[in-house]
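One letter stands for each residue in the lines below.
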Amino acid sequence: MVLALTVCGVVVALVVLGLFVFGLRRRLIQRSGGTFDCSLRWDVPEKTDTSGKGWSYGVARYNGDRIEWYRVFSYAYRPRRILERAAIEVAGRRLPEGEEELALLSDAVILTCLHRGTRLELAMSEDALTGFLAWLEAAPPGQRVNVA
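Everything numeric in this text was worked out from a predicted model, so none of it was measured. (Residues numbered from 1 in each chain as written. Predicted model: local features only at pLDDT ≥ 70, side-chain atom pairs only at ≥ 80, totals over all residues. Heavy atoms only, no water.)

Draft legend 1. Examining the state of the cysteines more closely. Applying the stated criterion across every chain, the model contains 0 disulfides. The structure places no disulfide on Cys38, whose sulfur is separated from the nearest cysteine sulfur, that of Cys113, by 9.0 Å. (Disulfide = S-S within 2.5 Å.)

Here it is in structure tokens:
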């Protein structure tokens, strides 16, 4: 009986510690400001896939001339993807359809982009999209920016 209670206590403590570390990691990422919730789907086929598969929920952070994207459900402190402003080409935007509506946040808008030849999709709120497009267009003089 004592062993069972000890094991249960250790399991509960590990779960609480894991949740605490998730929260702490997110606070550290957001500490410098310029962050927004952003789901990402990497290496997307040309034909639109509305099955909802491949989306990863994350947090994106502006850092100079690049966007650093972090998975929410990860313990890694380093960004999973880095998108340079000069290499991003916006190909279009659309609203979620079909099962995508269940996989993404309720107010999401999907932006289809190319980054160094890789097709990707970013899903974010309308406010975050406005900020993202303004950030893209605010590139320093001499940098090529392609916004559709």
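Draft legend 2. Structural detail: the pattern of salt bridges. Going through the model one piece at a time under the given rule, you end up with 9 salt bridges. The salt bridge involving Arg93 is made with Glu126; its shortest N-O contact spans 3.9 Å. One end of the pair, Arg93, is in strand β6 (residues 88-94); the other, Glu126, is in helix α3 (residues 126-137), and 33 residues separate them in sequence. The partly exposed category is assigned to Glu126, whose relative accessible area is 40%. Three or more residues joined by partner-sharing salt bridges are found here, namely Arg41, Arg94, Glu100 and Glu121. (Salt bridge = Lys/Arg side-chain N within 4 Å of Asp/Glu carboxyl O. Helix = DSSP H or I, 4+ residues; strand = E, 2+ residues; numbered from the N terminus. Buried < 20%, exposed > 50% of the residue type's maximum accessible area, 1.4 Å probe, protein only.)

Draft legend 3. Up close: the sheet that holds strand β2 (residues 39-42). The strand order β2-β8-β7-β6 describes an open sheet built from 4 strands, whose pairing is antiparallel. Unpaired on one side and paired on the other, β2 and β6 mark the two borders of the sheet. Taking each pair of neighbouring strands and ignoring which way they run, the sheet shows an average axis angle of 25 degrees. Sheet topology note: the strand β7 (residues 108-115)/strand β8 (residues 118-125) ladder contains 8 bridges and is antiparallel. When the sheet's bridge partners are listed, Thr112 is paired in β8 with Glu121. Across the sheet, α3 is in contact with β6, β7 and β8; its angle to β8 comes to roughly 130 degrees. (Pairing = 2+ DSSP bridges. Axes fitted to C-alpha atoms, helices over the stretch in contact; angles between N-to-C directions. Contact = heavy atoms within 4.5 Å.)

Draft legend 4. How the structure looks around the packing of aromatic side chains. As enumerated under the stated definition, the model contains 3 aromatic pairs in all. With 5.4 Å between their ring centres and 50 degrees between their planes, Tyr62 and Trp135 make a pair best called tilted. Of this pair, Tyr62 sits in strand β3 (residues 58-63) while Trp135 is found in helix α3, placing the two residues 73 residues apart along the sequence. Between Phe132 and Trp135, the aromatic rings sit 6.0 Å apart at their centres with planes inclined by 35 degrees, giving tilted as the arrangement. You can see Phe132 and its partner Trp135 sitting in helix α3, 3 residues apart, about one turn around the helix. These aromatic residues form a ring-pair network of at least three members: Phe36, Tyr62, Phe132 and Trp135. Here Arg81 stacks its cationic end above the ring of Trp42, 4.1 Å away from the centre of that ring. (Phe/Tyr/Trp six-rings, centres within 6.5 Å; stacked < 30°, edge-to-face > 60°. Lys NZ or Arg CZ within 6 Å of the ring centre and 35° of its normal.)

Draft legend 5. Geometry of the environment of Asp107. For Asp107, the location among the structural elements is in the loop between α2 (100-103) and β7. When the C-alpha atoms of Asp107 and Ala123 are compared, they prove to be 9.3 Å apart, with 16 residues separating the residues in sequence.

Draft legend 6. A look at α3. For α3, with 12 residues, the first-to-last C-alpha span of 17 Å sits near the 16 Å given by 1.5 Å per residue. Taken together, the buried positions of α3 are Ala128, Leu129, Phe132, Leu133, Trp135 and Leu136. With its buried residues spanning 155 degrees around the axis, α3 presents them on a single face. Along α3, exposed side chains directed more than 90 degrees from the buried face belong to Asp127, Thr130 and Glu137. (Expected span 1.5 Å × (residues − 1). Arc of directions from axis to C-beta.)

Draft legend 7. Here's a closer look at the environment of Leu83. Assignment of secondary structure puts Leu83 in strand β5 (residues 81-84). A relative accessible area of 4% means that Leu83 is categorised as buried. Discounting chain neighbours no more than four positions away, the residues touching Leu83 are Trp42, Asp65, Arg66, Ile67, Ile88, His115, Leu120, Leu122 and Trp135.

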